[in-house]
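Commentary on secondary and tertiary structure
Residues per chain are reported as follows:
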Amino acid sequence: MRHIHVRPIEPADVSVLAEAFGGPDWGGSKPASLFERYVREHESGERDVLVAFRGDAVAGYATIRWEPAYEPFRDAGVPTVEDLNVLISHRRKRVASALMDEAERRIGERSDTAGIGFGMDPGYGNAQRMYPQRGYVPDGRGLTTHDHPVKSGDTVRVDDDLVLYLTKRLR
């Protein structure tokens, strides 16, 4: 088993992440501009960006948004883990857990509660299982779309923007 190492993003990681998350081991494409923005936001303190490696290979990343877009979390000062992604070949090898351990450690230095959200389509199945196992519980506000509550009777599109938010007490 290869050792997992998690560290803050560095500018040199942009091309490595863009290549890894633009190839067949991801199944989609995340542009270099996303990782360039993440470097800027990390350097400004707007978010922490963590990169995971298994051995020498990039395996995944996650971000912590200190002032999340989701209003209830922003108003309550609940930092949110966002955009956690693990390459297909590194899944089920504790990479996401290592990223979450470090994210929760960092959040715990500033807040007693961590927030997280996941999409409702089957593509989020791993997250839908992992976060409750780590002690996250729904925040009790129901589903959201584009960070706004879905009301009874609403018709919504099931896509990346249909989200359930959860929290976890860290201390």
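Described in the following lines is the structure provided in the data block. Please read all numbers here as calculations on a predicted model, not as lab measurements.

Some words on the layout of surface pockets
Taken as a whole, the largest pocket holds about 1300 Å³ of empty space. Leu84, Asn85, Tyr124, Ala127 and Tyr131 are, among the 44 residues lining the largest pocket, the residues nearest its centre. Taken together, the residues that form the lining of the largest pocket break down as 17 nonpolar, twelve polar and 15 charged.

Notes on unusual backbone geometry
The backbone of arginine 94 sits at a positive phi, close to 75°, despite the residue not being glycine. Among the structural elements, arginine 94 can be located in the loop between β4 (80-86) and α4 (95-108). Classification of arginine 94 as exposed rests on a relative accessible area of 55%. The phi angle at histidine 146 is positive, at roughly 55°, despite the residue not being glycine. Overall, histidine 146 belongs to the exposed group, its relative accessible area being 54%.

About the cut-offs
- Residues numbered from 1 in each chain as written.
- Predicted model: local features only at pLDDT ≥ 70, side-chain atom pairs only at ≥ 80, totals over all residues.
- Heavy atoms only, no water.
- 1 Å grid on protein atoms, 1.4 Å probe; cavity = no way out; pocket = protein on both sides within 12 Å on 5 of 7 lines; lining within 4 Å.
- Points joined across faces, edges and corners; volume = space filled by probe spheres on them.
- Nonpolar A, V, L, I, M, F, W, Y, C, P; charged D, E, K, R; others polar.
- Helix = DSSP H or I, 4+ residues; strand = E, 2+ residues; numbered from the N terminus.
- Buried < 20%, exposed > 50% of the residue type's maximum accessible area, 1.4 Å probe, protein only.

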